[in-house]
Amino acid sequence: MLPIFSPVEELKNDLFEQKQVKVYIKRDDLIHPFISGNKWRKLKYVLADARDSNKNHLVSFGGAYSNHLLALACAGAKFGFKTTGIIRGDEPRKLNHQLFLCQQFGMDFLFVSRETYRNKPQLFFNNFANDPDAYFIDEGGAGNLALPGCAELLDELPEPYDHIFLACGTGTTLAGLAMGAFQRNLSTKIEGIAVLKGADFLHSDIQQLIGTDPKFTLHLDYHQGGYAKTNTEYLNWLFDFNKTGLLLDHVYTGKMMFALFDLISKDYFKPGSRILTIHTGGLTGLIGLNNEQ
Ligand SMILES: *Cc1c(COP(=O)(O)O)cnc(C)c1O
C-alpha cells in the first residue's frame with residue numbers, strides 16, 4: 001500500500017496574528033500526485049475489500065473532471081486492478097486533461113447520458129452483470145468502507161487542535177473524521193465547507209453513515225455559486241493566495257480556505273484557537289479552470 005507522507009505545516013498571515021489564532025495545514029496533497037489527498041484515504045479499504053473478494057476490475061462513476069476517477073485509475077494501475085470509469089455526459093471529441101491522465105493509467109471509459117447516469121447500481125448491473133471480476137465503487141468513493149481510512153488521519157497529528165476544517169462534496173471524508181474524533185474522545189470540532197449549493201442534505205447523508213453521536217458543523221454559504229462555480233472576488237482571492245507557494249484548487253480547497261479567512265475575520269474563533277485545515281488535494285482540477293477560460 002501507499003506510504004503516507006503528509007506533514008502538518010503552519011500557515012502565516014497578518015490576519016491570523018491580529019485575531020490571535022494559529023492555522024495549520026495537513027498536506028494530504030503530498031500523499032501522491034494523482035492518488036490525491038482524501039481520495040487515497042477513501043479508497044484504501046475499498047481496494048482491500050475488492051482484493052479480499054477476488055475482484056480485479058474496479059468500476060466507478062464520475063464527471064469528466066473527477067478527482068476520484070483519476071485516483072482510482074492510478075491506484076488501480078499501481079495495485080494491479082483493471083479499471084472502468086462510467087462518465088456522466090456525451091463522449092467528447094477530445095478527452096480533457098483529467099480523462100487523458102485516467103487513460104494513461106489504462107482506465108476504460110463508458111460515457112452515458114445524464115439521465116442514465118442517475119441510476120448507478122442499474123448501470124453497473126446492465127453493463128457488468130456478466131463480469132465476475134467487476135467491483136462496484138460509488139461516485140467519489142463514497143460509502144462505509146471509506147470511513148476508517150479517513151479517520152486514520154487523526155492518528156497522524158502531532159498535536160491537538162480545537163478545529164479541523166475541510167471541504168465537503170459528498171461529506172464522506174468529514175463523516176470519517178467526525179466518527180474518528182468521537183471514537184478517540186477528541187474535543188476537536190470537525191467543520192466542513194460545502195462546495196455544492198443547497199447542500200443541506202449533507203446533514204442527513206452524514207448521519208446516515210455515522211449515526212447521531214459524532215458531532216460536526218457544516219458551513220453551507222461558501223459554495224461561491226455552486227459546484228465548480230466561481231466569481232471574480234473569489235478567484236482574485238484564490239490567485240492571490242496561490243502566490244504564497246501553497247497551491248489550492250478552485251473547486252474544493254480554495255473554497256475551504258476562503259471560508260476560513262472569512263470566518264476568522266468575523267471573529268468566529270476564540271483568540272488562542274488552534275485550527276487545522278486539510279489539503280484534500282485535487283490540484284489537477286486547477287488546469288481545467290485555465291482550459292475553460
Ligand atoms: C473529492 C474531494 C473532496 C470532497 O470529498 P468528500 O468526501 O466527497 O466530501 C474534497 N476535496 C478534494 C480536493 C476532492 O477531490
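This is a predicted model, so every value here is computed, not measured.

For the pair helix α8 (residues 172-183) and helix α9 (residues 201-210), interaxial distance at closest approach is 9 Å and the crossing angle is 50°. Between α8 and α9, the crossing angle belongs to the class labelled oblique. Read as a crossing pair, α8 and α9 show a hand that is right-handed. Judged by residue contacts, Thr172, Leu174, Ala175, Ala178 and Met179 of α8 engage Ile206, Leu209 and Ile210 from α9.

A word on the sheet that holds strand β5 (residues 108-112). Taken in spatial order, the four strands line up as β5-β4-β3-β6 in an open sheet, and their pairing is parallel. With one partner strand each, in any of the chains shown, β5 and β6 (134-136) form the two edges of the open sheet. Across the sheet, the axes of successive neighbouring strands diverge by a mean angle of 25°, strand direction being ignored. Where strand β3 (residues 57-62) lies against strand β4 (residues 82-88), six bridges are found, and the strand directions are parallel. Pairing of Phe61 across the sheet is with Ile86, part of β4.

Turning to its location among the elements, Ser6 is positioned in the segment before β1 (8-11). When the C-alpha atoms of Ser6 and Arg27 are compared, they prove to be 4.9 Å apart, with 21 residues separating the residues in sequence. Ignoring anything within four residues of it in the chain, the contact list for Ser6 reads Lys26, Arg27, Asp28, Ile31, Arg41 and Glu156. Among the polar contacts listed, one links the side chain of Ser6 to the backbone oxygen of Arg27, at a separation of 3.5 Å. Reaching out from Ser6, the side chain makes a polar contact with the side chain of Asp28 at a distance of 2.6 Å.

Here we come to the UniProt feature "active site" (unreviewed entry) in the protein. Here, UniProt's "active site" (unreviewed entry) annotation points to Ser66. Inspection of the secondary structure puts Ser66 in the loop between β3 and α3 (67-79). For Ser66, the side chain forms a polar contact with the main-chain nitrogen of Leu69, separated by 2.9 Å.

Right, let's get into the nonpolar core. If you look at the biggest cluster of nonpolar residues, it comprises 32 residues, and the most contacted ones within it are Met257 and Ile264. Of all the secondary-structure elements, those providing two or more residues to this core are α1 (14-18), β2 (22-26), β7 (163-168), α10 (232-242), α11 (253-265) and α12 (285-292). Look past the residues within four positions of Met257 in its chain and what remains in contact with it is Leu11, Ile25, Trp237, Phe241, Leu248 and Thr277. Counting residues in hydrophobic clusters, the runner-up holds 26 residues, among them Tyr24, Ala175, Ala194 and Ile210.

The environment of the ligand is formed by 15 residues, the closest being Lys39, Lys42, Thr170, Thr173 and Thr280. Measuring from an oxygen atom of the ligand, one finds a backbone N or O atom of Gly171 at 2.9 Å. Within the side chain of Thr280, a nitrogen or oxygen atom sits 2.7 Å from a nitrogen atom of the ligand. According to the grid-proximity analysis, the pocket containing the ligand is the largest pocket. No other element matches helix α2 (residues 38-52), which puts three residues into the shell around the ligand. Of the residues in the shell around the ligand, the class split is three nonpolar, ten polar and two charged. Structurally, the shell around the ligand is a two-domain feature, drawing no fewer than three residues from each of domain 1 (8-34 + 144-292) and domain 2 (38-141).

Further remarks concern helix α4 (residues 97-104). Structural remark: α-helix, 3.6 residues per turn; residues separated by three or four positions point the same way. Those residues of α4 that fall on the buried side of the exposure criterion are His97, Gln98, Leu99 and Cys102. Where α4 starts, the residue carrying a side-chain oxygen 3.0 Å from the main-chain nitrogen of Gln98 turns out to be Asn96. The first or second residue beyond α4 is Gly106, which carries a positive phi of 90°.

Reading across from one edge, β1-β2-β10-β7-β8-β9 is the order of the six strands in this open sheet, with mixed pairing throughout. Where the open sheet ends on each side, the last strands, each with one partner, are β1 and β9 (217-219). Neighbour-to-neighbour, the strand axes of the sheet open up by a mean angle of 30°, direction not taken into account. Judged from the five bridges that link them, β2 and strand β10 (residues 274-278) form a sheet pairing that is parallel. Bridge pairing in β10 places Val23 opposite Ile275.

What counts, and where the lines are drawn
- Residues numbered from 1 in each chain as written.
- Predicted model: local features only at pLDDT ≥ 70, side-chain atom pairs only at ≥ 80, totals over all residues.
- Heavy atoms only, no water.
- Axes fitted to C-alpha atoms, helices over the stretch in contact; angles between N-to-C directions.
- Helix = DSSP H or I, 4+ residues; strand = E, 2+ residues; numbered from the N terminus.
- Parallel < 35°, antiparallel > 145°, perpendicular 65-115°, else oblique.
- Left-handed = near helix turned anticlockwise from the far one by under 90°.
- Contact = heavy atoms within 4.5 Å.
- Pairing = 2+ DSSP bridges.
- Polar contact = N/O pair within 3.5 Å; in protein donor to acceptor, adjacent residues only side chain to side chain.
- UniProt positions renumbered as here; feature names shortened; annotations may be inferred.
- Core = buried A, V, L, I, M, F, W, Y, C linked by side-chain atoms within 4.5 Å.
- Buried < 20%, exposed > 50% of the residue type's maximum accessible area, 1.4 Å probe, protein only.
- Near = heavy atom within 4 Å.
- 1 Å grid on protein atoms, 1.4 Å probe; cavity = no way out; pocket = protein on both sides within 12 Å on 5 of 7 lines; lining within 4 Å.
- Sits in = over half its atoms within 2 Å of the grid points.
- Nonpolar A, V, L, I, M, F, W, Y, C, P; charged D, E, K, R; others polar.
- Domains from an automatic or database assignment.

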